[in-house]
Amino acid sequence: MGTSVQSSVNSHRFFSRRTLLFVFLGLMIVLAVFFVFMSSDVFRNDKIGDEGKLRAAIDTAVGPTVITLNKDLTLKDPLVINNGKNITLTSNSDNAFFKLFFVTNPRAITVNTGGVLILDGVIITRDSNSIGSGVTVSLGGTFIMIDGEISGHTAPTAGGGVFNAGTFSMLGGVITKNTAGMHGGGVANSGTFTMSGGVISDNFAPERGGGVDNYGGAGIVFEMSGGVITNNEAYKGGGVYHHSQGSFNLSAKGVISNNIADIGGGVCMDGNFDMNGGEISGNVARNQGGGLYNGYGIFLLTDGKIFDNTAAQEGGGLYTENGEFRLSGGKILGNAAGTDGGGVWIATKNFGKLYVYNGVEFKNNRASVAYNRLDGHAALYHRQIGNRVTWTDPFTQGYNNYDISYTRGQKIS
């Protein structure tokens, strides 16, 4: 019995010592992690209320660094995010975002090759008398916009709010009330631009792309799967002007609405454009193409809605000059043209470039007058147009009436 008791006591003492050792080692590990955590730039959170301290925090940053503003700052010189810098700008406020207010003429913020800027709750704006873009992203640079605002910038040529030649991801925030001397009032993209949230609104460009100008070679990408482009204005492409050998895709919950232009109120395209979701709605063309104007390239509609757009002349919903339309899904609803083609305007000579497959829905489109389909178009119609397409009531076919542009024929009273 004594031996058994002694053995139990020894075991208990060993267990207690071992437990204490594990606790001690665990505590040391926790403390080590804590000190790494506190000293690491990943978790550094500088509260900045001075221009000099802001620049020093950027210049000395090693690794991902969060810089938190605790007041508005007026900056006399641009901020530069160089190679190897990964900077997040945010605000120490529960009520409003603090401002970085630029009073000089150059670009407000430049992200150079290898640099990363994350905007998460700061307003980038400038004096109304100064000229320059808001954020400029160089080839190989990265800009991520989570929250905040880029507003009040005037670029001499392109990219009032953002000029992107690198990678720009817009998850949230607002790009608003910016102007470009030529194109891209809100954003000029010649790199990769993905928009899944946020708002681009009330921007202006006198030539093209009031909201977004997407231009360049085969590697240029604009992917819009969310967010809103609205109330922008330009001569061509009030919302978006796409003239690129690259890609422009609208999907999911992306919205292009209530923009205005002479040509292509919502979108003006001189390249290929795929729409497989989202909407183009409420846009206005002073001339042609309320929803979309297609100069050349292929417009592929597989899903989504084009509705309530208007054109003073032809093509309330869609207008094509030399391009091709392939409509295999989606809805074209409630569009209106002052003259021809409430839903779609396409020159008679280009009817062979219009394909409307089964499943497409036309409804409540309007134009000045409607005619019956000409007999000479019957063979082409049956070759190009599906037999299970829904047309605007009371029509049972699409050519020569409110849904698809027409030549003169027998008028429908």
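Fair warning: this is a prediction, and the values are worked out from it, not measured in the lab. (Residues numbered from 1 in each chain as written. Predicted model: local features only at pLDDT ≥ 70, side-chain atom pairs only at ≥ 80, totals over all residues. Heavy atoms only, no water.)

A. Focus on the overall build of the protein. Each helix and strand counted, the protein has 3 helices and 38 strands in total. For the protein, the residues scored as buried account for 53% of the 413 residues in total. The contacts in the protein between residues at least 6 apart in sequence include a share of 78% that link residues at least 24 apart. Looking at the protein as shown, the accessible area adds up to about 17600 Å², and 55% of this sits on carbon and sulfur atoms. (Helix = DSSP H or I, 4+ residues; strand = E, 2+ residues; numbered from the N terminus. Buried < 20%, exposed > 50% of the residue type's maximum accessible area, 1.4 Å probe, protein only. Contact = heavy atoms within 4.5 Å. Areas by Shrake-Rupley, 256 points an atom, 1.4 Å probe, with all protein chains shown as cover.)

B. Highlighting helix H2 (residues 51-59). Within the sequence span of H2, burial applies to Leu54, Ala57 and Ile58. Take H2 and look down its axis: the buried residues cluster within an arc of 95°, on one side only. Structural note: H2 exposes Lys53 and Asp59 on the side pointing more than 90 degrees away from its buried face. (Arc of directions from axis to C-beta.)

C. Structural context of the nonpolar core. Counting residues in hydrophobic clusters, the biggest one holds 75 residues, and the most contacted among them are Leu54, Leu100, Phe143, Phe273, Phe299 and Leu327. For this core, the element with the highest residue contribution is strand S8 (residues 116-126), accounting for 4 residues. Each residue touching phenylalanine 273, except ones within four places of it in the same chain, is listed here: Phe248, Asn249, Leu250, Val267, Ile280, Leu292, Ile298, Phe299 and Leu300. In terms of nonpolar packing, the next biggest core, distinct from the first, is built from 7 residues, Ile263, Cys268, Tyr293 and Tyr319 among them. (Core = buried A, V, L, I, M, F, W, Y, C linked by side-chain atoms within 4.5 Å.)

D. The arrangement of the pairing of strand S27 (residues 273-281) in detail. The pairing of strand S23 (residues 247-250) with S27 spans 3 bridges and is parallel. Across the sheet, residue phenylalanine 248 finds its bridge partner in S27, namely phenylalanine 273. Two elements, strand S24 (residues 255-257) and S27, share 3 bridges in a ladder whose sense is parallel. Bridging across to S27, serine 257 finds its partner in serine 281. Taken together, the 7 bridges between S27 and strand S30 (residues 298-307) define a ladder with parallel strand orientation. Bridged to isoleucine 280 within S30 is isoleucine 306. (Pairing = 2+ DSSP bridges.)

E. Region of interest: the sheet that holds strand S16 (residues 187-189). Read across the sheet, 11 strands follow the order S4-S7-S9-S12-S16-S19-S22-S26-S29-S32-S36 without closing on themselves; strand pairing throughout is parallel. In the strand order of this sheet, the two ends are held by strand S4 (79-81) and strand S36 (344-346), each with one partner. Ignoring strand direction, the axes of neighbouring strands in this sheet form an average angle of 10°. Where strand S9 (residues 135-137) lies against strand S12 (residues 162-164), 3 bridges are found, and the strand directions are parallel. Each bridged residue has a counterpart across the sheet, and for threonine 136 the counterpart in S12 is phenylalanine 163. (Axes fitted to C-alpha atoms, helices over the stretch in contact; angles between N-to-C directions.)

F. The arrangement of the confidence of the model for the protein in detail. Scored by pLDDT, the protein has a mean of 90; 88% of the residues are at 70 or more. Across residues 1-15 the pLDDT falls below 50, and counting only partners more than four positions away or on other chains, this stretch makes 0 contacts in the model. Between residues 32-43, whose pLDDT stays under 50, and residues either more than four places distant or in other chains, the model counts 9 contacts. (pLDDT = per-residue confidence, 0-100.)

G. How the structure looks around the environment of glycine 161. Within the fold, glycine 161 resides in the loop between strand S11 (154-155) and S12. The class for glycine 161 is buried, based on a relative accessible area of 0%. Beyond its immediate sequence surroundings of up to four residues, glycine 161 is in contact with Ser133, Gly134, Val135, Ile150, Ile175, Asn178, Gly185 and Gly186.

H. Layout of the side chain of histidine 183. For histidine 183, the location among the structural elements is in the loop between strand S15 (179-180) and S16. Among the polar contacts made by the side chain of histidine 183, one reaches the side chain of aspartate 213 at a distance of 2.6 Å. Those residues in contact with histidine 183 that sit more than four places away from it in its chain are Thr157, Ala158, Gly159, Ala188, Ala205, Arg208, Gly209, Asp213 and Tyr215. (Polar contact = N/O pair within 3.5 Å; in protein donor to acceptor, adjacent residues only side chain to side chain.)

I. Representation of the pattern of salt bridges. Evaluated as defined, the whole model comprises 6 salt bridges. Salt-bridge contacts for arginine 208 lead to aspartate 213; the nearest nitrogen and oxygen are separated by 3.4 Å. For arginine 208, a relative accessible area of 19% corresponds to the buried category. Residue aspartate 213 is classed as buried on the basis of its relative accessible area, which comes to 0%. Arginine 326 is paired through a salt bridge with glutamate 324; the nearest N and O atoms lie 2.6 Å apart. When its relative accessible area of 27% is taken as the criterion, arginine 326 is described as partly exposed. One network of salt bridges, in which partners are shared, links Glu233, Asp262 and Arg286. (Salt bridge = Lys/Arg side-chain N within 4 Å of Asp/Glu carboxyl O.)

J. Focus on the packing of aromatic side chains. Across all of its chains, the model carries 14 aromatic pairs by this definition. Sitting above the plane of the phenylalanine 307 ring, lysine 305 keeps its charged end 5.1 Å from the centroid. Lying over the aromatic face of tyrosine 381, arginine 373 brings its terminal NZ or CZ to 4.3 Å of the ring centre. (Phe/Tyr/Trp six-rings, centres within 6.5 Å; stacked < 30°, edge-to-face > 60°. Lys NZ or Arg CZ within 6 Å of the ring centre and 35° of its normal.)

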